[in-house]
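# Working through the structure, step by step
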Amino acid sequence: MIGFIDTVTLAVAKLKTRRIMMFITVLVAGLMFSVLFASALIISGVLNSFERFDQASNQSYLVKAVSSDVFMYRHLPPLHKDDVQARAEANQHYLQYIEEQKALAKQHKIDFDEKSVKHPIKKYKLGDHEEYIYDGESPVLERILLAKQQKFIAEADSNFQGLKKRAAPFHPINFYKTSDYRSQITGLKFVKNNQEDFLNRAQQELERNSGWGEADVRLSRYRLEEDIMMKNLILPANDLRRQNNQAVPVVISAEEAQKLFDEKLNIAEIPTNNEQRLKWIEEARTKLNGQTYQVCYRNSAEQKLLDEAMSQHIVKEKSNSDTELPKPKILYNLPTTACGRVTIKEDRRTKDEKKQDEAQLALDKQQGLDQDPIAEILTFQIVGIFPPINSRDHNNGVTGLLNHLLNNQIYPGAVVPIDFYRKLSNKAHLDQVFFPKVPNSKLASSGQFLRNAGFGPVVVEFNNYQDATNFVDFINGAQYRDHTASDQGLAGLFFGSPKDYYKNKTVDTSKYRFFATTHGRDFGTLEFIKQKSRLWVLIIIAIISSIAAIILSLTMARVMSDSRHETAIFRAVGARRGDIAKVYLSYSLIIAIRIIIVSMIIGLIISLVINAKTTSDLTVQAKLGYGLFNQDLDFKLFGINLVWLGVLSLAIIVMSLVAVLPPMLRNVVRNPIKDIKDQ
């Protein structure tokens, strides 16, 4: 029996006789496995970096949930020719509307033309068939839609209270009623140097040349968002902000801030270099905190007068002295100051016409169709800055994915933080601007009736990944499971279809459902990567191990084929089959150890080089995305996960043993006398 030391000595001696062949084998296998070692180090570094930044930012996890059915009830469905009941209901609403309008007209002593009200259903011929459609110009459609919404609200449980019940098992920490990011505040207009551009020439130029969020202040595109969406972007209060508790708080983009205050505060253009951008935002935040600008607010009634005054002004400038156009009954003066009121220049109406117009105005106000004209200057105060995002960062591939995960997905622009707004001393007055009353004639089509009943979008806050992602799975599961795509692509081959994914999960199977998406930071994708990275690594390990095993097996088969004579001599002098097997197993293990060392060294070099090339840019991107501008943090693409490294090392050892077994078994069972004679 050959001892352990002798076994290792023989294996080492055997290696020396095949140095070139073994060097090539170890190098090829080492290069293949070095990719895995580098990937393990990089993935570990990325996940560790995300965890560090999440902890530093005290980041919560937000999910936006909307009723899947609400959209259907914001519009009337197509009308089918055989839908007799729908046509009968529409006709009934039409008759009721006519009666109501007659009564109101009689009350205000004005004329009412029944024929002026279009029927809600229009009939037309298509060949030999009669078809029916809703007439979009009929005011009766609002009544029909309102009736459908009332019925839906009475039946559905996909409102705010229904969402809270569904979310309760997943431990939510807060709920925020919010709006769609496309919802904008109307009636505002930027005032520059105490002057207004009535012809909107500058605005038209900006609309042609500006991207989303780059000029929202100057284009007067404002929206409201929950403060939690901008927690790390909102600046601490300073003296400027404490002195003014009536200015509307706003978070604007860095690009726009630079354009608005470049001369006043000497703010340089935003650099393209990442490190310089970080320094720029740190300096700009200090300068911009508490700075103000002004906008003009005109409600719809005043804007209507301004449009009429502008139309008259343009017609007057273009009119030819030879062509005399008929004068309007009322001539208006354009405002002479920024946000000034439109005044009447000449009123040519008769006494009866004035009386009739006043009666119509009273009727319109009673129905919520008109309001008193309002024009006033509002002051906005900067309380936060959206960081500058370099368009070069949004490329494809791994870097593009990381940049996507690092950025807060809230759309930049001119955003009013709701909690800050609620604390304003003049909030009640400002509500007419930011929360204007929707007239009854538009309650249904505007969606306000549904929102009033709790069917608006809601942001749900969780304090950990797992609760948030479990909630998303629960809310979306039934829809994904029932509407599985026929072609799942490459992802389906590895992870199965959505139906398989949700098979063993608890899902919402209610008749009225919600749809949920991650809100702000895309933690859902990151969580998916965390969960699936182990599987991806195992799959790649299996593929590379199989290829390496085939290469090593062919090499070992050649070595053992050339060593049959010496194996036969060992057998002749008394060595057992087990002793021979131990020599070759030791031989294989030594090769495995060398492959591990080579692949670890190369993998370490690869990961360190990639980390050195990317960590600076990614660190800046992470600080900009998280709003952690002054934190001493690095986003590294290098981290050590001992479990993954251990699994990879074990895979190499198993691969070596599997590769050596077939040729070794063939060698030890051969007849030694025949091998000596053949040699």
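Procedures and definitions
- Residue indices follow the written sequence of each chain, beginning from 1 at its first position.
- Under the rules for a predicted model, residues below a pLDDT of 70 receive no local features and side-chain atom pairs below 80 are neither given nor counted, while totals for whole chains, interfaces and linings still include all residues.
- In computing side-chain values, all of the structure's heavy atoms are included and hydrogens and water are not.
- We define the nonpolar core as a collection of buried residues of types Ala, Val, Leu, Ile, Met, Phe, Trp, Tyr and Cys that are connected through side-chain atoms lying within 4.5 Å of one another.
- Relative accessible area decides the class of each residue, using a 1.4 Å probe on protein chains only: under 20% of the type maximum gives buried, over 50% gives exposed, and in between gives partly exposed.
- For the purposes of this entry, the term helix denotes a DSSP run of H or I that reaches at least four residues, the term strand denotes a run of E that reaches at least two, and both are numbered from the N terminus.
- As a rule, the C-alpha atoms of each element are fitted with a line to give its axis, helices using only the stretch in contact, and angles between N-to-C directions run from 0 to 180 degrees.
- For a crossing to be left-handed, the near helix must be turned anticlockwise from the far one by less than a right angle; the clockwise case is right-handed.
- Note on definitions: a residue-residue contact is assigned when non-hydrogen atoms from the two residues lie within 4.5 Å.
- Residues are grouped as follows: Ala, Val, Leu, Ile, Met, Phe, Trp, Tyr, Cys and Pro are nonpolar; Asp, Glu, Lys and Arg are charged; all remaining types, including Gly, are polar.
- A strand pair is defined by DSSP finding two or more bridges across the two strands.
- Salt bridges, as used here, are contacts in which a Lys or Arg side-chain nitrogen is within 4 Å of a carboxyl oxygen on Asp or Glu.

## Considerations on the nonpolar core
- Membership of the largest hydrophobic core comes to 37 residues, with the highest contact counts inside it found for L188, Y222, L288, Y293, F380 and F434.
- Of the residues forming this core, the biggest block, five residues, is contributed by helix α9 (residues 274-288).
- Counting residues in hydrophobic clusters, the runner-up holds 36 residues, among them F474, F514, F523 and F635.

## Regarding the packing of helix α8 (residues 254-265) against α9
- Contact pair α8 / α9: the axes reach a minimum separation of 11 Å and the direction vectors enclose 65°. Pair α8 / α9 crosses with left-handed handedness. Residues A254, A257, Q258, F261 and L265 of α8 touch α9, and the partners they reach there are W280, I281, K287 and L288.
- Taken together, the residues of the contact of α8 with α9 sort by class into seven nonpolar, one polar and one charged.

## A look at the sheet that holds strand β1 (residues 61-67)
- With respect to topology, four strands assemble into an open sheet ordered β4-β13-β1-β14, the strand pairing being antiparallel. Because the sheet does not close on itself, it has two edges, and the strands there are β4 (174-177) and β14 (514-519). Between one strand and the next, the sheet's axes are offset by a mean angle of 25°, whatever the strand orientation.
- Two strands pair when backbone bridges link them, and β1 and β14 are joined in this way by six bridges, in the antiparallel orientation. Bridge assignment links V63 to a residue of β14, and that residue is T518.
- Relative to β4, helix α5 (residues 160-167) is tilted by about 155°, and along the sheet it contacts β1, β4, β13 (458-462) and β14.

## Some points on the pattern of salt bridges
- In this structure the tally under the stated criterion is 15 salt bridges.
- Across the pair E137 and K118 runs a salt bridge, and its minimum N-O distance is 2.3 Å. Note that E137 is positioned in the loop between β3 (129-134) and α4 (141-155) and K118 in the loop between α3 (84-107) and β2 (121-126), a separation of 19 residues in sequence.
- Residue E137 is classed as exposed on the basis of its relative accessible area of 58%.
- The partner of R422 in a salt bridge is D419, with the nearest N and O atoms 2.9 Å apart. With R422 and D419 both in helix α13 (residues 418-422), this residue pair falls three residues apart, about one helical turn.
- Under the relative-accessibility criterion, R422 is labelled partly exposed at 44%.
- Counted as one network, the salt bridges with shared partners bring together D157, R166 and D508.

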